[in-house]
Amino acid sequence: MAYPIKHGFIAITPEISGPYTFNVEEYDSHTPSFNNIDHYCESLFRVLFDENSWIKYIVLRNKKLSRKQYREFLVAFVHAWEFVIEAFLTTIPNNFEDAVANSLSVELHNIVPKTIIHCDNEKQMQPIKLKNGDLDSFGNIINVYNEDCDPYFDGFHLTSSFVREIYSSKKLQEKLKVNTHFKTPTDTKGIIGASCHTEEDLFMAQEIGVDYCFLSPLKSIDKDYPNLSWSRFSKMVSSVKMPVYALGGLKFDDLETSRKYGAAGIAGISMYTDYYSD
């Protein structure tokens, strides 16, 4: 059976509560709940399989955590996500992972979505860490779980307020550039995303060099900004050249509509966490 994989999705984590550790031996004993990192990862993967879809990025949001707690969360999440993918792939038809790899035109070990960390102030703008280690039998990178190891990630996702702060500061613009470039012969650049709500936000995000942004809200119930109509969304998106993802109360079925109005795709929290309860 062939799997036509749908792309254009980004997942944003909900406020996942601790403890922020990952233990392979305890994995099967956890009560299924979005309050556990491992079961969030498993549920997310099941949703993607059921929707024949794949995500480009995972934005780790948990805004209420201290810097130390967020670091622990990041380390635990990355290890849980890689383990869950390996474990879950053994329970589904092999041609699903092959279809994902083929749809991305990459090898199997490169299908893992990029990990983007939440960033709303200068202290959180830590240098991006490169992944390292040997490949296992699945082709995935081996990283022995260690609570004291340096967390690795692929980029920053900036809040709209921090975008405005960076736009107004040459110092922060330089720091953003330095901390998102790997020191390699090719000067590889990390990923920079941003949350936007207004035309001004979009303009400033583009000026500081972000690679993608969220524009919201579209269909949110709880919101600090009024919902945008699709026509208004389209007009705002047309003013910038970077990929813009629609956000706010959307579901998988909204993908084609979003693209019709100029979006690169859709991002969300509840579209994954509430998938089986709708």
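None of the values given here were measured: they were computed from a predicted structure.

**Topic: the pairing of strand β2 (residues 53-60)**
Then step 1. Most of β2 is tucked away, with seven of its eight residues classed as buried.
Then step 2. Pairing analysis gives five bridges linking strand β1 (residues 6-12) to β2, with the strands arranged parallel. Residue pairing for β2: Phe9 is matched across the bridge by Ile55.
Then step 3. Of the strand pairs in this sheet, β2 and strand β3 (residues 114-119) are connected by four bridges, and their pairing is parallel. The residue of β3 that forms the bridge with Leu60 is Ile117.

**As for the packing of helix α4 (residues 160-167) against helix α5 (residues 170-179)**
Then step 1. Where α4 contacts α5, the two axes come as close as 6 Å, and the packing angle between them is 110°. In terms of orientation, α4 lies roughly perpendicular with respect to α5. Along the contact surface, α4 presents Phe162, Glu165, Ile166 and Tyr167, while α5 presents Leu172, Gln173 and Leu176.
Then step 2. Taken together, the residues of the contact of α4 with α5 break down into five nonpolar, one polar and one charged.

**A word on unusual backbone geometry**
Then step 1. Residue Pro217 follows Ser216 across a cis peptide bond; omega there is 0°.
Then step 2. Within the secondary structure, Pro217 is located in the loop between β6 (212-215) and α7 (230-237).
Then step 3. For Asn52, which is not glycine, the phi torsion reads 50° and is therefore positive.
Then step 4. Structurally, Asn52 is set in the loop between α1 (37-50) and β2.

**Things to note about the side chain of His118**
Then step 1. Along the polypeptide, His118 turns up in strand β3.
Then step 2. Residue His118 is classed as buried on the basis of its relative accessible area of 7%.
Then step 3. Residues contacting His118, with those up to four places away along its chain left out, are Leu60, Arg61, Lys63, Tyr70, Gln124, His157 and Thr159.

**Some thoughts on the confidence of the model for the protein**
Low pLDDT means the predicted atomic positions in that stretch should not be read closely.
Then step 1. This prediction gives the protein a mean pLDDT of 82; 81% of its residues lie at or above 70.
Then step 2. For residues 132-150, every residue scores under 50 in pLDDT, and the model assigns this stretch 41 contacts once sequence neighbours within four places are set aside.

**Thoughts on the environment of Val210**
Then step 1. Following the sequence through the fold, Val210 ends up in the loop between α6 (199-207) and β6.
Then step 2. Using a relative accessible area of 7% as the deciding quantity, one classes Val210 as buried.

**Considerations on the sheet that holds β3**
Then step 1. The parallel closed barrel is built from eight strands, whose spatial order is β1-β2-β3-β4-β5-β6-β7-β8. On average, each strand axis in the sheet is inclined to that of its neighbour by 30°, with strand direction left out of account.
Then step 2. Note that β1 and strand β8 (residues 265-268) share three bridges and pair parallel. Directly across from Ile10, in β8, lies its bridge partner Ala267.
Then step 3. Set on the sheet, helix α2 (residues 67-89) makes contact with β2 and β3; between it and β2 the angle comes to about 160°.

About the cut-offs
Residues numbered from 1 in each chain as written. Predicted model: local features only at pLDDT ≥ 70, side-chain atom pairs only at ≥ 80, totals over all residues. Heavy atoms only, no water. Buried < 20%, exposed > 50% of the residue type's maximum accessible area, 1.4 Å probe, protein only. Helix = DSSP H or I, 4+ residues; strand = E, 2+ residues; numbered from the N terminus. Pairing = 2+ DSSP bridges. Axes fitted to C-alpha atoms, helices over the stretch in contact; angles between N-to-C directions. Parallel < 35°, antiparallel > 145°, perpendicular 65-115°, else oblique. Contact = heavy atoms within 4.5 Å. Nonpolar A, V, L, I, M, F, W, Y, C, P; charged D, E, K, R; others polar. pLDDT = per-residue confidence, 0-100.

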